[in-house]
Amino acid sequence: MAGSGTKEWARHWRHEQLPGLDLLRARYVRHTFPRHSHDGYVFGAVTSGIEDVGLPTGTVHAGPGTVVMINPEVAHTARAGDPDGWAYHTLYPSADVIAEIAGETTSVRGTAAFAEPIVGDPHAAHLIREVHRAAEEGNALAADSLLRIVVARLLRDHGQPMTARPMRSAGATLAARARAVLAERMADPPSLEVLATELGTSPFALLRAFRDAYGMPPHTWLTDARVRAARRLLDSGTAPADAAGTVGFTDQPHLNRHFTRIVGVPPGAYQRERKNVQDPAVRSLVLSQAWQNRQRPRRYAPDQHGPGKQGDRATGGLRKPIPPSSGTRSASASPSDSPGSPSA
């Protein structure tokens, strides 16, 4: 396999002056994201390789120059679509952030949505990368400005009001009731048979109704919900081991496994980025080989080639220890690699 020797790395973090926005910059080869959803939006820009994103409407193949746009609560998967994997920069703005930008810059009323899950827009992809660059350089003013510019651009070209939900069918009502039970009893959920009996239906009828409503079966939804709840606890300072028990995982390794698969980094690395949002001298990138066994991230010295540069494909994105996108640029970098005057 061409990419079998390629190391994976990831940084999932939040800038203290950019509330309502999470950032993920990563390179994955073997990592596969299981079916999950987000309570906010996803805007992803691949810098090298191919990412296959599985959506309810089918699989889209995202490469450089494209932007993947996923609306809140849309179930999806992600995996490499190329033997060498993919590297990308992703923005996770909250629904409130998008609503604020939409209300100020568009005529969209109600909740904004994006009808197309993927668009070819190299300039928007470049702006997404520049949001990351500015944030990692500690330039919150530029990062916030660029975020608003790229979101306004995508809303202008591809935004529309969220389609009103149809009248609630008996199946949708059943699924909503089941979800409420699972959310309330997250740490000690009933079996499918017991849940179906409590709701006055059969296990297979419940499975069908839940999948139709939420794009995944109840046990998959519950795992995703537990990881979301664990993220909130980690954000508040709860230790990973305590968070694991609170949300219903059997122990911390159980949390580590599912958290890493869905979020893209292990809970310890995720929480450290919340505690240490700025480190101008050096950034932490977590190597996938150490995810399940390491509690502290390794630090890597800057190099002239950052993720997504032309030479990444030959080395899998890791020439030497991986630098941040804010590292020293190559002398051959084009003017478009620099955050000059932002424009939509």
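Residues numbered from 1 in each chain as written. Predicted model: local features only at pLDDT ≥ 70, side-chain atom pairs only at ≥ 80, totals over all residues. Heavy atoms only, no water.

Participant: Honestly, the overall build of the chain in this entry has me stumped. Any pointers?
Facilitator: Scanning the chain for helices and strands turns up 11 helices and 13 strands. The buried share of the chain, taken over its 344 residues, is 53%. In the form shown here, the chain has an accessible surface area of approximately 15,600 Å², with 52% of it arising from carbon and sulfur atoms. (Helix = DSSP H or I, 4+ residues; strand = E, 2+ residues; numbered from the N terminus. Buried < 20%, exposed > 50% of the residue type's maximum accessible area, 1.4 Å probe, protein only. Areas by Shrake-Rupley, 256 points an atom, 1.4 Å probe, with all protein chains shown as cover.)

Participant: I tried to follow unusual backbone geometry on my own but got confused; where do I start?
Facilitator: Excluding glycine, residues mostly have negative phi values, and the peptide bonds linking residues are mostly trans. Here Glu73, not a glycine, exhibits a phi torsion of approximately 65°, which is positive. Following the sequence through the fold, Glu73 ends up in the loop between β7 (66-70) and β8 (76-80). The exposure class assigned to Glu73 is partly exposed, which follows from its relative accessible area of 39%.

Participant: Quick question: what am I supposed to make of the sheet that holds β8 here?
Facilitator: For sheets, the rule is that strands pair by backbone hydrogen bonds, running either parallel or antiparallel. The strand order β3-β8-β5-β6 describes an open sheet built from 4 strands, whose pairing is antiparallel. A single partner strand is all that each edge strand has here, and the edge strands are β3 (33-36) and β6 (58-62). Pairs of neighbouring strands in the sheet enclose a mean axial angle of 20°, with direction left out of account. Taken together, the 5 bridges between strand β5 (residues 51-55) and β6 define a ladder with antiparallel strand orientation. The residue bridging Leu55 from the neighbouring strand is Gly58, located in β6. (Pairing = 2+ DSSP bridges. Axes fitted to C-alpha atoms, helices over the stretch in contact; angles between N-to-C directions.)

Participant: Mind showing me how you'd approach helix α10 (residues 267-275) here?
Facilitator: Side chains of residues three or four places apart in an α-helix project in the same direction, reflecting 3.6 residues per turn. Counting buried positions along α10 yields 7 of 9 residues, so the element is predominantly enclosed. When we look at burial in α10, the residues that qualify are Pro267, Gly268, Ala269, Tyr270, Gln271, Glu273 and Arg274.

Participant: What is the right way to read the side chain of His15 from this model?
Facilitator: Here His15 shows up in the loop between β1 (9-13) and β2 (21-28). Residue classification places His15 among the buried residues on the basis of a relative accessible area of 1%. At a separation of 2.9 Å, a polar atom in the side chain of His15 contacts the main-chain amide nitrogen of Gln17. (Polar contact = N/O pair within 3.5 Å; in protein donor to acceptor, adjacent residues only side chain to side chain.)

Participant: Quick question: what am I supposed to make of the pattern of salt bridges here?
Facilitator: Charged atoms that come close allow side chains of opposite charge to pair. All chains considered together, the criterion is met by 15 salt bridges. The partner of Arg14 in a salt bridge is Asp22, with the nearest N and O atoms 2.7 Å apart. Taking relative accessible area as the criterion, Arg14 reaches 29% and is therefore assigned partly exposed. Two residues, Arg148 and Glu100, come together in a salt bridge whose shortest N-O distance is 3.2 Å. With Arg148 in helix α3 (residues 140-158) and Glu100 in helix α1 (residues 95-105), the pair connects residues that are 48 residues apart, well separated along the chain. Each of Arg14, Asp22, Arg231, Asp235 and Arg274 takes part in salt bridges that share partners, so that together they form one network. (Salt bridge = Lys/Arg side-chain N within 4 Å of Asp/Glu carboxyl O.)

Participant: Teacher, can you tell me more about the nonpolar core here?
Facilitator: Soluble globular proteins tend to bury their nonpolar side chains together. If you look at the biggest cluster of nonpolar residues, it comprises 51 residues, and the most contacted ones within it are Tyr28, Tyr88 and Phe259. In terms of residue count, helix α7 (residues 218-235) provides more of this core than any other element does, 7 residues in total. Counting residues in hydrophobic clusters, the runner-up holds 34 residues, among them Ala45, Met69, Ile98 and Val119. (Core = buried A, V, L, I, M, F, W, Y, C linked by side-chain atoms within 4.5 Å.)

Participant: How should helix α4 (residues 170-184) be read in this particular structure?
Facilitator: In a regular helix each residue adds 1.5 Å, so 15 residues correspond to 21 Å; α4 covers 21 Å between its end C-alpha atoms and thus fits that length. Every buried residue of α4 is listed here: Leu174, Ala175, Ala176, Ala178, Val181 and Leu182. Elements that come into contact with the buried residues of α4 comprise α5 (192-198), α6 (203-214) and α7. (Expected span 1.5 Å × (residues − 1). Contact = heavy atoms within 4.5 Å.)

Participant: Where do I start with the packing of aromatic side chains in this structure?
Facilitator: Pairs of aromatic rings are described using the distance from one ring centre to the other and the angle between the two planes. Summed over all chains, the structure comprises 10 aromatic pairs. Seen in terms of ring centroids, Phe259 and Tyr270 are 5.3 Å apart; in terms of plane orientation they differ by 70°. Their pairing is edge-to-face. Separated by 11 residues along the polypeptide, Phe259 in helix α9 (residues 252-263) and Tyr270 in helix α10 bring together distant segments of the chain. We classify Phe259 as buried; its relative accessible area is 0%. The exposure class of Tyr270 is buried, given its relative accessible area of 0%. In textbook terms, an aromatic cluster arises when at least three aromatic residues are bridged by ring pairs, as seen for Tyr28, Phe33, Trp86 and Tyr88. Just above the ring of Trp13 sits the side chain of Arg11; from NZ or CZ to the centre is 3.9 Å. (Phe/Tyr/Trp six-rings, centres within 6.5 Å; stacked < 30°, edge-to-face > 60°. Lys NZ or Arg CZ within 6 Å of the ring centre and 35° of its normal.)

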